Amino acid sequence: MVSPLSLSFFTFFLFLFLSHPQAQAQSQSQSDPQSPTNDPPTICIIGSGIGGSSVAHFLRLYSSSSNSNPFSIHIFERNGVVGGRMATVNVSGHTFEAGASILHPKNYHAVNYTELLGLKNKDPSSDSFSLGIWDGQKFVFKTLSFSSNIPFVDKIVSLANSLLMFLRYGFSLLKMQTFVESTVNNFLKYYERFESRPVFETVDEMLKWAGLYNLTTRTLQEELIDVGLSPLLIKELVTVITRINYGQSASISGLAGAVSLAGSGGGLWAIEGGNWQMAAGLINSSDAALHLHEEIDSVSYLGEYYELNSTKGNSYKCEVAVVATPLAELNIQFTPPISIPKRKLQHTHATFVRGLLNPGYFGLDAVSEIPKLVATLEDPDLPFTSISVLKKHDEKDFTYKIFSREPMADILLDSFFSVRQETIRIDWGAYPHYNAPEEFAPFILDDRNLYYVNAFENAASTMETSAVAAENIARLILSRFFSQVLLISSNLGSNSDGEILHVDL
Ligand SMILES: Cc1cc2nc3c(=O)[nH]c(=O)nc-3n(C[C@H](O)[C@H](O)[C@H](O)COP(=O)(O)OP(=O)(O)OC[C@H]3O[C@@H](n4cnc5c(N)ncnc54)[C@H](O)[C@@H]3O)c2cc1C
C-alpha cells in the first residue's frame, strides 16, 4: 500500500523550487515625517511585515462604522521596502523568494488577502522532484530522480518514490500525519466567529483556548515519541524538515515542530510575484501612512500618548503603539522600561548560487544524479542544512539555494561547486530559537496601549501565525482603547448568508 502522505511529502519540498519576481521598494503613501495630529487618534505600527500590515488591515476591516475615519494609522519601516521577512532576491536577472516561501492551504488569512488584493497564486513547478538525505559521507536515503516530459512516466516515478519512503519509514508516516492534522485542526479555531472566539490578552491564554499550549511545553521529539513515531523517522525526515523550516533540530518545541511538519503536506502555495505583495497590498488598502527608511529607536509613554522617535531624529505622537517585529536583537528604548523574557533568534544564512554543483563531492558521477533537494541530518560538522535547485537554466547551469547556520565562505562553496558565476548571501535573523517549555512575552507590553504582535511568534513563526496574532491585536486595540461597540464587517464575523453581524468585541 502506498500512503497518500508519502506522496504529499514531495509537495512540501516544492517550496524550495518556487521562484519569485523581484521585490521593489513599494511606498504607497509615504508621508512627511511630522507629528500626526491627536484628532482622530493615531495608531503607530513599528514594522511593515505581514504582522504590521495585518494589524492595519484588521483595524480597518473591523471598524467600518458610521465614523468613516475613526483613527489614522502610521506604519514605520526601517528598510526601503515593505514585507520584512517576505522578500525576494535577484540572481542574475531571475527573482526568487529569499525568505518566507510557502503557504499552507489552510492559511485562511493569506487565502483571503490573495483574493481581496487580486493577487495570483504561483503555478506549481512542473519539474520533477527528488530528495537525498546526506550524512556528510553518503546519502542515507535517496529518491529516484528520473525526469521525463511524459506525465504518465512522472506519475510512476512519483509512486515509486512514495513506495521507497513507505518502505523506509512505514506506518510511522501515518502517525505523523495524524499528529499534524490534529494540530492544524486546533489552529483552525482561530478563524471561528467572534461569538465563540474571545479576544486574548496573553499568548498563553490564546494557546490554551485552542488546545495548543501543552505542545509548547515539550519538545517535538518528546511529542512524536509519545505518538509512536519510529526513531528513524524522527532522526531523518522529521529532522530534515525542522532543519529546513526552522534551522533547528527535532528538539524544538512541539508546536513550532508541528507547524513545521504541516509544511510537508500537499497543496502548498505561494504568490506569483512574491509573497511581500500581501503586505504591500494590505498597507495600501488600509489607508495607512507608510514611513520607509524610518527606524524607531525609542518609545516613551508621556501621559496621554506615546512618543516614537526615529534614528533620523523625527518624533511621532500616537495614542496606540504596536510593535510588529521580534524584539530580540533590537535596541528600542522603552520608557518606562518593559519586561519580557529573553529570546534568541535562530540565524539562517541563505546563499544563492548561479553555477554547477560538483557531483564528486557527493560521491556521484554526474550532476544529473544529485537530488534536487539535498537535505542533511543533525550533525554539527555538516557545513550546510540544505541545497536545493531553484532553477535549471540548462544541463550545466543552475540556480541553487543553500541554507546554513553559519555563513558560507568562498573556500567552502568551492569545495562543492565546480562552477560559480554569481553568489548572493543573506543573513536572516530568521525565527525564534525554540526551547521547550516556551515562555511568552505579553501581547500588552505596558498595561496601557503598547502592543506586541510577535509575542505569538515564540509559539510558531510563519506568515499566517503573524496574521492570526495581528488579528487578535487589532481586536484588542478596538476593545481596549476604543472600548468599542463598532460595526464588525468581517467574513470572520458574518453568518453563513454573508449577513453582517453587529458584535461587541
Ligand atoms: C529564510 C526564511 C524562510 C521562511 N520560510 C517561511 C515559509 O516558507 N512560510 C512561512 O509562512 N514563513 C516562513 N518564514 C517565517 C516568516 O518569514 C515570518 O514568520 C513572518 O514573515 C514574520 O512576519 P512579521 O511581520 O511578524 O515580521 P517581519 O517580516 O520580520 O517584519 C518586521 C518588520 O519590522 C521592521 N523593523 C524592525 N525593527 C524596526 C524598527 N526599529 N523600526 C522600524 N521598522 C523596524 C523590519 O525591517 C521588518 O520589515 C521564513 C523566514 C525566513 C527568514
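Refer to the structure above for everything that follows.
Residues numbered from 1 in each chain as written. Predicted model: local features only at pLDDT ≥ 70, side-chain atom pairs only at ≥ 80, totals over all residues.

## Quick word on the overall build of the protein chain
- When helices and strands are counted, the protein chain shows twelve helices and 18 strands.
- Per-residue burial over the protein chain gives 47% buried out of 505 residues.
- Taking all contacts inside the protein chain whose residues are at least 6 apart in sequence as the whole, residues at least 24 apart take part in 76%. (Helix = DSSP H or I, 4+ residues; strand = E, 2+ residues; numbered from the N terminus. Buried ≥ 20, exposed ≤ 12 C-beta atoms within 10 Å, placed from the backbone. Contact = placed C-beta atoms within 7 Å.)

## Focus on the packing of helix H8 (residues 231-246) against helix H9 (residues 254-262)
- At their nearest, the axes of H8 and H9 sit 9 Å apart, and the two run at 95° to each other. Overall, the two elements H8 and H9 adopt an arrangement that is roughly perpendicular. Where H8 abuts H9, its residues Val 238, Ile 241, Thr 242, Asn 245 and Tyr 246 lie against Ala 256, Gly 257, Ser 260 and Leu 261.
- Its residues assigned to classes, the contact of H8 with H9 shows five nonpolar, four polar and no charged. (Axes fitted to C-alpha atoms, helices over the stretch in contact; angles between N-to-C directions. Parallel < 35°, antiparallel > 145°, perpendicular 65-115°, else oblique. Nonpolar A, V, L, I, M, F, W, Y, C, P; charged D, E, K, R; others polar.)

## What to know about the packing of helix H2 (residues 50-61) against helix H12 (residues 463-480)
- Interaxial distance between H2 and H12 falls to 8 Å at its minimum, and their mutual angle equals 40°. In terms of orientation, H2 and H12 fall into the oblique class. Classified by chirality, the crossing of H12 by H2 is right-handed. Seen from H2, the contacting residues are Ile 50, Gly 51, Ser 54, Val 55, Phe 58 and Leu 59; seen from H12, they are Met 463, Ser 466, Ala 467, Ala 469, Ala 470, Glu 471, Ile 473, Ala 474, Ile 477 and Leu 478.
- Partitioning the contact of H2 with H12 into residue classes produces twelve nonpolar, three polar and one charged. (Left-handed = near helix turned anticlockwise from the far one by under 90°.)

## Quick word on H8
- Along H8, the largest kink reaches about 35° and is centred on Val 238.
- With 13 of its 16 residues buried, H8 lies for the most part within the structure.
- Following H8 by one or two positions, Gly 247 has its phi on the positive side, about 60°. (Bend = angle between axes of the 7 residues up to and from the residue.)

## Structural notes on the nonpolar core
- Residues Val 55, Val 322, Val 453 and Ile 473 are the most contacted members of the largest nonpolar core, which totals 131 residues.
- For this core, the element with the most residues is H12, which contributes ten residues.
- If we skip the residues at most four places from it in the chain, Val 453 touches Gly 51, Val 55, Val 322, Val 323, Ala 324, Ser 466, Ala 469, Ala 470 and Ile 473. (Core = buried A, V, L, I, M, F, W, Y, C linked by C-beta atoms within 7 Å.)

## Regarding the sheet that holds strand E10 (residues 315-318)
- Strand order in the open sheet formed by four strands is E10-E9-E8-E12, and the pairing between neighbours is mixed. Two strands close off the open sheet at either side, each with one partner strand: E10 and strand E12 (333-335). In this sheet, neighbouring strand axes are inclined to one another by 15° on average, regardless of whether the strands run parallel or antiparallel.
- Direction of pairing for strand E9 (residues 306-310) relative to E10: antiparallel, over a ladder of four bridges. Along E10, the bridge assignment pairs Tyr 306 with Cys 318. (Pairing = 2+ DSSP bridges.)

## Description of H9
- Within H9, nine of the nine residues are buried, which leaves the element mostly enclosed by the surrounding structure.
- Within the span of H9, buried status applies to Gly 254, Leu 255, Ala 256, Gly 257, Ala 258, Val 259, Ser 260, Leu 261 and Ala 262.

## Some details on the pairing of strand E4 (residues 94-97)
- In this structure, strand E3 (residues 88-91) lies alongside E4, joined through four bridges in antiparallel fashion. When the sheet's bridge partners are listed, Asn 90 is paired in E4 with Thr 95.
- Joining the antiparallel neighbours E3 and E4 is a turn of two residues, in which Ser 92 adopts a positive phi near 35°.

## Topic: the environment of Ile 296
- You can see Ile 296 is positioned in strand E8 (residues 296-301).
- Overall, the presence of 25 C-beta atoms within 10 Å leaves Ile 296 in the buried class.
- The sequence separation of Ile 296 and Ile 332 amounts to 36 residues, and the corresponding C-alpha distance is 7.0 Å.
- Not counting residues up to four positions away in its chain, the partners in contact with Ile 296 are Ile 46, Phe 76, Leu 308, Ser 310 and Ile 332.

## With respect to the sheet that holds strand E13 (residues 345-357)
- Within the open sheet, the seven strands sit side by side as E6-E5-E14-E15-E16-E13-E17. Their pairing is mixed. What marks the edges here is a single partner per strand, and that holds for strand E6 (139-142) and strand E17 (417-432). Adjacent strand axes in the sheet meet at a mean angle of 15°, parallel and antiparallel pairs treated alike.
- Pairing analysis gives four bridges linking strand E5 (residues 131-134) to strand E14 (residues 373-376), with the strands arranged parallel. Residue pairing across strands places Leu 131 opposite Leu 373, the latter belonging to E14.
- Contacts between H8 and the sheet are confined to E5, E6, E13, E14, strand E15 (386-394), strand E16 (397-404) and E17, with E14 contributing the most and set at about 100° to the helix.

## Digging into the pairing of E14
- Burial of E14 is two-sided: the residues Leu 373 and Ala 375 facing one way and the residues Val 374 and Thr 376 facing the other way are all buried.
- Relative to E15, E14 runs antiparallel, the two sharing three bridges. Counted as the bridge partner of Leu 373 is Ser 388 from E15.

## Describing the environment of Leu 144
- Examined against the element boundaries, Leu 144 turns out to sit in the loop between E6 and helix H4 (151-169).
- The contact partners of Leu 144, leaving out residues within four places of it in the chain, are Ser 130, Val 157, Ala 160 and Asn 161.

## Considerations on unusual backbone geometry
- A cis amide bond links Thr 335 with the next residue in sequence, Pro 336, at an omega value of -10°.
- Along the chain, Pro 336 falls in the loop between E12 and E13.
- The residue after Ala 436, namely Pro 437, is reached through a cis peptide bond having omega -5°.
- Take Pro 437: it is sitting in the loop between E17 and strand E18 (450-452).
- A positive phi angle, near 55°, is found at Asp 287, a position not held by glycine.
- Positionally, Asp 287 belongs in the loop between helix H10 (276-285) and strand E7 (289-291).
- In this structure, His 293 is a non-glycine residue whose phi angle is positive, near 55°.

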